[in-house]
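# Tertiary structure, described
Spelled out, the chains give:
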Amino acid sequence: MKFKILKALDVAGLQVFDPVVRLICGENPPAQLKKILLFIGIPIVAIIASIFAWNYIAPRHTTKAGEVPTPGVVKDAASGIWTFHVRENQKAHDFLLTGEQREQALADVEARMAEIEPLAAAAKERVDTLEAQSKDAIDTEAGPLQEEYKALRTATRDAAKEREAALIAEAEALPTGNAAAREAFLKKVAEHEKLTETEKDELRAFKEHIDAAYAAKFPELEAARAEYNGLEEERQYLSKRLEYLTDGNQSIKITAEEQKLDELQAGFLMAEGGKDTLKAAEKVLSQQASIERIATSEYSRPWTFPDQILRSVWCVFVGFLIGSAIAIPLGVLCGLSRIFMAAITPFIALFKPVSPIVWLPIVFIIVGGFIADPTTAPVHPAFLSSAITVALCSLWPTLVNTALGVASVEKDHINVARVLRLGVFSRLFKIVLPSALPLIFAGLRISLGVGWMVLIAAELLSSSEGIGKFVWDMFNNGSSQTFAQMFVVVFVVGAIGLLLDRIMIVLQRSVSFDGAPTAL
């Protein structure tokens, strides 16, 4: 069992956990404990230390979006993102509920609303009380400082005017052409200007001290506000659920429209005269079209971050497949033919360094030429453009590694194929490609990592609904909450990139026969 676990860890590139398994099995405990301390303990300590440093530094740096979010704020932002996703799914579900399920959901929402109302009122009263107390505390501290600042500013201004008046009077008495007197006067003016700047700096420092007093935080007040905001957000969410379970519910709408249709049909049957009958028929048809439209309508659900993650993963997967479909055949041809390699090398050298920011507009224009109407197209042009940009930027490592792997096939293997008189395709699929697979997968692993990095920039510029679009929207919002959500994206992108890399390691190890290490 131990060796099966160790083999699985090796295939997954997780050899760092080997000492744990060996320690559990009782294999040389002192040596395994030393390895655990080195490869697991020290990294954990480094992570904890970085979190403490982040938590200490973040509140002390202010930006236009507020303070840099602390780990706790980022955690709360992640929780908020997930809560929004769950609530939007619930509202979409409520929109389609019918019968007893709708009645039960409606009863649950009304019961929760009855619980929320007094809690929200009590929380609001507590916030108002704490705000009044905090205002009194700030006024008590900052009021005298404000008066002192006004007096200091007046005294500074008066002193500067007196010095300036004295300098003007002295300047009127300066003899013409006396260089020494003029030089002495110039020094006095410089001293005056220097003293004026010093006084201004003192005033600014004093003003910053007052601003800090006004910006003082009260943890109890912030906690009360957070509680009240949470209750208010839940109350608004429940109000929307009530709407989608009553008048906004699809089945309720259809029932109401069907009742109108029955009345219109009755009127149509009783209509007299050609003009009245025609109008009644038109109303019946219009009502039938309205019912059909409601029956096929869907809840207008906004994109949530988990949805955008799935779309980004799908986009990078499509781009990765496109790039691999181009790179592997070209790499095989380069490895088999020195002439083809010489022909393709200039293109590799020329296009490999090109940034996705350059590729994306070009690809977007070309794709737009094939897709006239994005609303009716099977694939949105922004999604396709992002995928193609990922392909163009990530195919080069696979191409180069494939060419190297094919060119490095043992000559003895090729000679055996000639002796056996294998055809071109048999030689390719039975000897060349199997021998080159380890290097091909090494290139694929690098390409996937490059593609994942490129994708975020591509989505950000193309406004394709993905992680990049989420980052751009949060950046344009510019609030402290969205700033924290951008930090959440950093960890999500890193975690997904790590997962994709582990998947490629498993695939690479499954085709490696030389036991070469692949996990870095």
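Just so it is clear, the model here is predicted, and its values are computed rather than measured. (Residues numbered from 1 in each chain as written. Predicted model: local features only at pLDDT ≥ 70, side-chain atom pairs only at ≥ 80, totals over all residues. Heavy atoms only, no water.)

## As for the domain arrangement of the chain
The test is simple: Domain start and end points were adopted from an automatic or database domain assignment.
Here the chain is described as being made up of domain 1 (2-60), domain 2 (99-228), domain 3 (249-296) and domain 4 (305-511). Look at where the C-alpha atoms of domain 2 and domain 3 centre, and you get two points 65 Å apart.

## Some points on a nonpolar patch on the surface
The condition is simple: To count toward a patch, a residue needs a relative accessible area over 30% and no salt bridge; like charges are then connected within 9 Å, while nonpolar side chains (Val, Leu, Ile, Met, Phe, Trp, Tyr) are connected within 5 Å. Throughout, the Shrake-Rupley method with a 1.4 Å probe supplies accessible areas, and for residues the shown protein chains are the sole cover considered. Should a side-chain nitrogen of Lys or Arg be within 4 Å of a carboxyl oxygen of Asp or Glu, the pair is scored as a salt bridge. The secondary structure listing takes helices from DSSP runs of H or I that are at least 4 residues long and strands from runs of E that are at least 2 residues long, numbered from the N terminus. Exposure classes here rest on a 1.4 Å probe applied to the protein chains alone. A residue is buried below 20% of its type maximum, exposed above 50%, and partly exposed in between.
Residues Val 16, Phe 17, Leu 37, Leu 38, Phe 39 and Ile 42 make up a contiguous nonpolar surface patch of about 560 Å² in total accessible area. Structurally, Leu 38 is set in helix 3 (residues 29-57). Its relative accessible area of 47% is what places Leu 38 among the partly exposed residues.

## Brief notes about the side chain of Ser 386
Put simply, the rule reads: Residues count as neighbours in contact if any of their non-hydrogen atoms are within 4.5 Å of one another.
With respect to the helices, strands and loops of the structure, Ser 386 is situated in helix 13 (residues 381-407). Filtering out sequence-adjacent residues up to four positions away, Ser 386 remains in contact with Cys 315, Leu 360, Leu 455, Ala 458, Glu 459, Ser 462 and Ser 464.

## Some words on the pattern of salt bridges
Across all of its chains, the model carries 21 salt bridges by this definition. A salt bridge links Asp 201 to Arg 204; the shortest N-O distance between them is 2.2 Å. Of this pair, Asp 201 and Arg 204 both sit in helix 6 (residues 179-214), separated by three residues, roughly a single helical turn. Among the residues examined, Asp 201 registers a relative accessible area of 40% and is labelled partly exposed.

## Side note on the nonpolar core
Heads up, the rule is: Nonpolar cores were defined as sets of buried Ala, Val, Leu, Ile, Met, Phe, Trp, Tyr and Cys residues, with membership established by side-chain atoms within 4.5 Å.
Counting residues in hydrophobic clusters, the biggest one holds 47 residues, and the most contacted among them are Phe 305, Trp 452, Ile 467 and Val 489. Those elements that place two or more of their residues in this core are helix 4 (71-96), helix 10 (305-336), helix 13, helix 15 (424-462), helix 16 (467-477) and helix 17 (480-511). Among the elements that make up this core, the one with the highest residue count is helix 15 (13 residues). In this structure, Ile 467 is in contact with Phe 305, Gln 308, Ile 309, Ser 312, Trp 452, Ile 456, Glu 459, Val 489 and Val 493, ignoring residues within four places of it in sequence. Judged by nonpolar contacts, the second largest core, of 17 residues, contains Leu 106, Leu 130, Tyr 237 and Leu 238.

## Things to note about the packing of helix 5 (residues 99-172) against helix 7 (residues 219-245)
We apply this condition: Only C-alpha atoms enter the line fits that serve as axes; for helices the fit covers just the stretch in contact. Angles between N-to-C directions range over 0 to 180 degrees. Geometric relationships in this document are graded by angle, where less than 35 degrees denotes roughly parallel, more than 145 denotes roughly antiparallel, 65 to 115 denotes roughly perpendicular, and other angles denote oblique. Two helices crossing with the near one rotated counterclockwise from the far one by less than a right angle form a left-handed crossing, whereas a clockwise rotation gives a right-handed crossing. Lys, Arg, Asp and Glu make up the charged group, whereas Ala, Val, Leu, Ile, Met, Phe, Trp, Tyr, Cys and Pro make up the nonpolar group; the residues left over, Gly among them, are polar.
At a minimum axis distance of 8 Å, the contact between helix 5 and helix 7 shows a crossing angle of 155°. When the axis of helix 5 is compared with that of helix 7, the two are roughly antiparallel. In this structure, helix 5 crosses over helix 7, and the sense of that crossing is left-handed. Looking at the contact of helix 5 with helix 7, its residues break down into 17 nonpolar, two polar and 13 charged.

## Considering the state of the cysteines
Note the threshold: Two cysteine sulfurs form a disulfide in these notes if their separation is within 2.5 Å.
A complete count under the given rule lists zero disulfides for this structure. Looking at the unpaired Cys 334, the closest cysteine sulfur is the one in Cys 393, lying at 19 Å. The thiol sulfur of Cys 393 is not disulfide-bonded, and the nearest other cysteine sulfur, from Cys 315, lies at 12 Å.

## Comments concerning the layout of surface pockets
Note the threshold: The pocket and cavity definitions rest on a 1 Å grid over protein atoms only: a 1.4 Å probe that fits but cannot leave marks a cavity, an open set with protein on both sides within 12 Å along at least five of seven lines marks a pocket, and residues lining either have an atom within 4 Å of a point. Grid points are joined across faces, edges and corners, and a volume is the space filled by probe spheres set on the points.
Its volume calculated, the largest pocket comes out at about 1,600 Å³. Going through the elements one at a time, strand 2 (66-67), helix 4, helix 7, helix 10, helix 16 and helix 17 are the ones with two or more residues in the lining of the largest pocket. Taken domain by domain, the makeup of the lining of the largest pocket includes at least three residues from each of domain 2 (99-228) and domain 4 (305-511).

## Details of the packing of helix 10 against helix 16
In the contact formed by helix 10 and helix 16, the axes pass within 8 Å of each other and the chain directions differ by 135°. With respect to helix 16, the element helix 10 is oriented oblique. Mapping the contact onto sequence places Phe 305, Gln 308, Ile 309 and Ser 312 in helix 10 and Ile 467, Lys 469 and Phe 470 in helix 16. When its residues are assigned to classes, the contact of helix 10 with helix 16 shows four nonpolar, two polar and one charged.

## Some thoughts on the confidence of the model for the chain
Applicable threshold: pLDDT expresses how confident the predictor is about each individual residue, on a scale running from 0 to 100.
Predicted confidence across the chain gives a mean pLDDT of 86, with 96% of residues reaching 70 or more. Across the chain, element-level confidence peaks in helix 10 with a mean pLDDT of 92 and bottoms out in helix 14 (residues 411-419) with 69. Predicted confidence for residues 516-520 stays below pLDDT 50, and this span has 13 contacts to residues more than four positions away or in other chains.

## Notes on helix 7
To be explicit about the condition: In this analysis, the expected span of each helix is defined as 1.5 Å times one less than the number of residues it contains.
The end-to-end C-alpha distance of helix 7 is 39 Å, a good match for the 39 Å that 27 residues give at a rise of 1.5 Å each. At its buried positions, helix 7 is contacted by helix 4 and helix 5.

## Digging into the side chain of Arg 102
Mapped onto the elements of the fold, Arg 102 is located in helix 5. If we skip the residues at most four places from it in the chain, Arg 102 touches Leu 97, Leu 245, Thr 246, Asn 249, Ser 251 and Ile 252.

## Some thoughts on the environment of Gly 369
Mapped onto the elements of the fold, Gly 369 is located in helix 12 (residues 356-370). Remark: the alpha-carbon pair of Gly 369 and Pro 381, spanning 12 residues in sequence, is separated by 9.8 Å.

## A closer look at unusual backbone geometry
For Asn 28, which is not a glycine, the phi torsion comes out positive at approximately 45°. By secondary structure assignment, the location of Asn 28 is in the loop between helix 2 (18-24) and helix 3. The phi torsion at Ser 463 lies on the positive side, around 60°, for a residue other than glycine. Secondary-structure assignment places Ser 463 in the loop between helix 15 and helix 16.

## Focus: the packing of aromatic side chains
Rules: Two rings from Phe, Tyr or Trp (for Trp, the six-membered ring) form a pair when their centres are within 6.5 Å of each other. A pair whose planes differ by under 30 degrees is stacked, one over 60 is edge-to-face, and the rest are tilted.
Under the definition given, this model contains 11 aromatic pairs. Measuring from ring centre to ring centre gives 6.4 Å for Phe 347 and Phe 351, while their planes differ by 20°; the resulting arrangement is stacked. Of this pair, Phe 347 and Phe 351 are both found in helix 11 (residues 338-351), four residues apart, which corresponds to roughly one turn of the helix. Look at Phe 347 and you get partly exposed, because its relative accessible area is 45%. Here Trp 472 and Phe 475 contribute two aromatic rings whose centre-to-centre distance is 5.7 Å and whose plane-to-plane angle is 25°, an arrangement assigned as stacked. Taken as a pair, Trp 472 and Phe 475 lie in helix 16 at a separation of three residues, close to a single helical turn. Aromatic ring contacts, followed pair by pair, group Trp 54, Phe 483, Phe 487 and Phe 491 into a single cluster.

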